[in-house]
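Secondary and tertiary structure notes
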Amino acid sequence: MEDAARILQLIVNGAAAGCIYGLIALGFVLIYKATEMVNFAQGDVMMLGGFVAFSLIATFHLPYWVGGLLAILITAAFGYALDAFVLRRVIGQPQFAVVMLTLGLGFIFRAVAGITWGYDSVAFNTPFTNKTVNVGGLVLGEDNLSIIVGTVLLCAVLYLFFSKTRVGVAMQAASQNQLAAYYMGIPVRTIFSLIWAISAGVACLAGILLSPVSMIDVNMGFLGIKAFAAAVIGGFGSIPGSLIGGVIVGIVEQFAGYKLPAGFQEVTSNAVLLLMLFVRPQGLFAERMGKRV
Amino acid sequence: MRYLFRTHYQQDITLFRHNGDRFWYGLLVLLVLVAPAILGEFYIGELGAVFIFAIAGVGLMLLVGYTGLISLGHAAFLGIGAYVNAVLLAKGVPFLVTLPLAGLSTALCGAAIGRPTLRMSGLYLAIATLAFGSIVGTVFQKWTAVTGGFDGFAVPTPTIFGYPIEGATGIYYVSLLVLVFVLWVSANLLRSPTGRAMVAIRDSEVSAQSMGIHLARYKTLVFAVSAGMTGLAGGLFAHYVRYLAPDAFDVLLSVQFVTIVFVGGLGSLRGAILGAMFVRLLPQLIAIVRDDLPFGIGRLPGLEPSLFGLVLVFVILFQPGGLNGMWLKMKQWFRAFPFKRQTSFRRQKSYARSERLR
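Residues numbered from 1 in each chain as written. Chains lettered and ligands numbered in written order. Predicted model: local features only at pLDDT ≥ 70, side-chain atom pairs only at ≥ 80, totals over all residues.

Moving on, we come to the overall build of chain A. Looking only at helices and strands, one finds eleven helices and three strands in chain A. Relative to the globule expectation of 19 Å for 293 residues, the C-alpha radius of gyration of chain A, 19 Å, shows essentially globular dimensions. In terms of overall dimensions, chain A has C-alpha extents of about 60 × 50 × 35 Å along its principal axes. Counting only residues that meet the buried cut, chain A has 51% of its 293 residues in that class. Long-range contacts, defined as pairs at least 24 residues apart, comprise 75% of the intrachain contacts of chain A with a sequence gap of at least 6. (Helix = DSSP H or I, 4+ residues; strand = E, 2+ residues; numbered from the N terminus. Rg over C-alpha atoms; globule rule 2.2 N^0.38 Å. Buried ≥ 20, exposed ≤ 12 C-beta atoms within 10 Å, placed from the backbone. Contact = placed C-beta atoms within 7 Å.)

This is the structure we're talking about:
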């Protein structure tokens, strides 16, 4: 019984961590589907979002919900500006130029955050910090549960947004065929910037949800590397796939930390990623796609 | 102005285009050969490090600049080369055997990583090498039986035919020799059918494939060659630092290598060397001006990585040709002297290129 409870505990912790990876991976996938770019600075955008939330909530004493929402909006606006002023200039350059550009941006974000907020870890008070709930004899941290619930809610909102609203459908259209979308009168450039905004907002939400579990610091952007594993497992192009991939990576990582000797846990996500590339490189939820010359 | 009048097909593939090239490159080789007699020990050491980075840069240039693939794990290959060389030397294997072995073993590692991922788009290679780099970094730290962990690993002094290669000058000459060898191999590779296939893959994978180029085979070959050259650089790097620490081979170093390629200028071997000079000289420059900067900017932690990031962003946005492109523009300006026009170097309007087909 003791063992079963322990395993359930690990699964919940892993799923919570996995939801964070999944949310970051969701950011990759949204941008990749639309623009064929991969934002290697996604983890650093999450870090910036976390710090903005910290400023609003801990420094300006806004309530958690108001501050969090405001932080998401600010980060989303930042994402919009990032696309409109920087990324749009490299359209037509080869794919790896974008990889290096976003990597470089990540270094700059880290330096800016270090100058603005310092290099120490910070945290702010959330309604979920250090609280537990007892579910049938199983003690679960509210912080972990809040991550899972938050992710599920976000997915519902995104699903409704993409299927029911005009802008959401326009985004789907622009992702599927840019030229046809132009002909239909969709402002594709604005739509792409909006997608960057959504992706930055999702990253900020991940940062806020993560803050009660682990503190916010300049180097938390390295979680982005683990999120790649989630995106690749999901097939790099499937939104539910990236979340499921994230949960898989999170749970595997928890069990590796529990069963294997120390030092293995930190490489698990990378090992899972490489294994996936060896065995089934197109991911679990691959879309079959040809290539254009 | 010089007009090249082609009278023979052989002229299209010669290593040096005309006698001017031969003269200036010969002068350059002469200068580097006598440099240790003129410059001090410190500068020779730094120049040797530039050579070592240039070797890795040339390797990466073949991959990024000529084949259009990107690797974010070349620091791991440098580390593997360094440890293979150092550990074998410590076991008593002669230097003339360990250095090629360092290159060979990394080439094999590269092929093993490249083969499965190169079936997918180039993006997957970037992600896979990033993961590979971080795994290898952890292995260096945890596998204390071989690498000594954080205690470090003292690299023995190499000997060639009984003569010990000591000090900065010894490493300088060996690095120079290896750099010239690597440049010669690359230049020959690039004018062979293999090199033409690489460029074709870079420009369009589908067109290359329809011309009968086996994509996965060529990509794996280039990745292995690139990793092998970086492994050679790693073997020399071990002697340059003399004391191997496992945390030296991190993602930042990989990003520095790619910075060499981008800042130097994609698609030119000269660019790899210019880029290596830039990447090695930037930290020295920071160290010199650190104390004179206003507002305490010089004492900020993480100044160096952010400067690398900034340079990378500016080069990609405003000067995609890199240092080599700047050099070519300058040459063109002098060549056409009073006739430079506003539109001479204007970049073409570019459009989004989609690789998808539905």
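Counting its secondary structure elements, chain B contains 14 helices and five strands. A globule of 358 residues ought to have a C-alpha radius of gyration of about 21 Å, and chain B, at 21 Å, matches this closely. Dimensions of chain B, computed from the C-alpha atoms along their principal axes, are close to 60 × 55 × 55 Å. Sorting the 358 residues of chain B into buried and exposed places 42% on the buried side. By sequence separation, contacts in chain B at least 24 residues apart represent 77% of the contacts at least 6 residues apart.

What follows is about the environment of Ile316(B). Take Ile316(B): it is sitting in helix 13 (residues 303-318). Once the C-alpha coordinates of Ile316(B) and Ala187(B) are considered, the two residues, 129 residues apart in sequence, prove to be 25 Å apart.

Attention shifts here to the packing of helix 3 (residues 74-90) of chain B against helix 10 (residues 215-241) of chain B. All names here are of chain B. Interaxial distance between helix 3 and helix 10 falls to 7 Å at its minimum, and their mutual angle equals 55 degrees. Between helix 3 and helix 10, the angle falls in the class oblique. In this structure, the crossing between helix 3 and helix 10 has a hand that is right-handed. Contact with helix 3, carried on its side by His 74, Phe 77, Leu 78, Gly 79, Ile 80, Gly 81, Ala 82, Asn 85 and Ala 86, involves Ala 227, Thr 230, Gly 231, Leu 232, Ala 233, Gly 234, Gly 235, Phe 237 and Ala 238 of helix 10 and no other residues of that element. For the contact of helix 3 with helix 10, the per-class residue count stands at ten nonpolar, eight polar and no charged. (Axes fitted to C-alpha atoms, helices over the stretch in contact; angles between N-to-C directions. Parallel < 35°, antiparallel > 145°, perpendicular 65-115°, else oblique. Left-handed = near helix turned anticlockwise from the far one by under 90°. Nonpolar A, V, L, I, M, F, W, Y, C, P; charged D, E, K, R; others polar.)

Attention now goes to unusual backbone geometry. Unlike most non-glycine residues, His61(A) shows phi in positive territory, near 55 degrees. Tracing the backbone through its elements, the reader meets His61(A) in the loop between helix 2 (42-59) and helix 3 (64-85). A count of 8 C-beta atoms within 10 Å places His61(A) in the exposed class. Its identity as a non-glycine residue notwithstanding, Arg242(B) has a phi of 65 degrees, on the positive side. In this structure, Arg242(B) sits in the loop between helix 10 and strand 4 (243-244).

Across the contact, 48 residues belong to chain B and 44 residues belong to chain A. Where the side of chain B that touches chain A is concerned, the elements lending two or more residues are helix 4 (95-117), helix 5 (122-142), helix 9 (205-210), helix 11 (251-264), helix 13 and strand 5 (356-357) of chain B. With 13 residues, the single largest contributor to the side of chain B that touches chain A is helix 5 of chain B. Its residues placed into classes, the side of chain B that touches chain A shows 30 nonpolar, twelve polar and six charged.

Attention shifts here to the nonpolar core. Judged by nonpolar contacts, the single largest core of 194 residues is most densely connected at Ile20(A) and Ile55(B). Those residues in contact with Ile55(B) that sit more than four places away from it in its chain are Val178(B), Leu179(B), Val182(B), Met229(B), Leu232(B) and Ala233(B). (Core = buried A, V, L, I, M, F, W, Y, C linked by C-beta atoms within 7 Å.)

All names here are of chain A. Its place among the elements puts Ile 72 in helix 3. Judged by local crowding, Ile 72 falls into the buried class, with 21 C-beta atoms found within 10 Å. Taking the C-alpha atoms as reference, Ile 72 lies 19 Å from Thr 190; in sequence the two are 118 residues apart. In contact with Ile 72, not counting residues within four places along its chain, are Gly 201, Cys 204 and Leu 205.

This part takes up helix 2 of chain A. All names here are of chain A. For helix 2, which comprises 18 residues, the first-to-last C-alpha distance of 25 Å matches the rise-based estimate of 26 Å (1.5 Å per residue) to within 8%. Extensive coverage of helix 2 is indicated by the burial of 15 of its 18 residues. One or two residues past the end of helix 2 sits His 61, with phi positive at roughly 55 degrees. (Expected span 1.5 Å × (residues − 1).)

Direction vectors running N to C along helix 4 (residues 95-117) of chain A and helix 13 of chain B enclose 140 degrees, while the axes themselves pass 8 Å from each other. When the axes of helix 4 of chain A and helix 13 of chain B are compared, the crossing they make is left-handed. Contacts from Ala97(A), Met100(A), Leu101(A), Gly104(A), Leu105(A), Phe107(A), Ile108(A), Arg110(A) and Ala111(A) in helix 4 of chain A reach Pro305(B), Ser306(B), Phe308(B), Gly309(B), Leu310(B), Leu312(B), Val313(B) and Ile316(B) in helix 13 of chain B. Among the residues making up the contact of helix 4 of chain A with helix 13 of chain B, the classes are represented as 13 nonpolar, three polar and one charged.

The subject of this paragraph is the confidence of the model for chain B. Of the residues in chain B, 93% reach a pLDDT of 70 or more, and the chain-wide mean stands at 85. Confidence estimates for the predicted assembly give a pTM of 0.88 and an ipTM of 0.84. (pLDDT = per-residue confidence, 0-100.)

Residue placement: Ala287(B) occurs in helix 12 (residues 269-289). Separated by 17 residues in the primary sequence, Ala287(B) and Glu304(B) place their C-alpha atoms 9.9 Å from one another.

Moving on: helix 7 (residues 167-190) of chain B. Taking 1.5 Å as the rise per residue, helix 7 of chain B with 24 residues should run 34 Å; its terminal C-alpha atoms sit 35 Å apart, in good agreement. Those residues of helix 7 of chain B lying buried are Ala168(B), Ile171(B), Tyr172(B), Val174(B), Ser175(B), Val178(B), Leu179(B), Val182(B) and Ser186(B).

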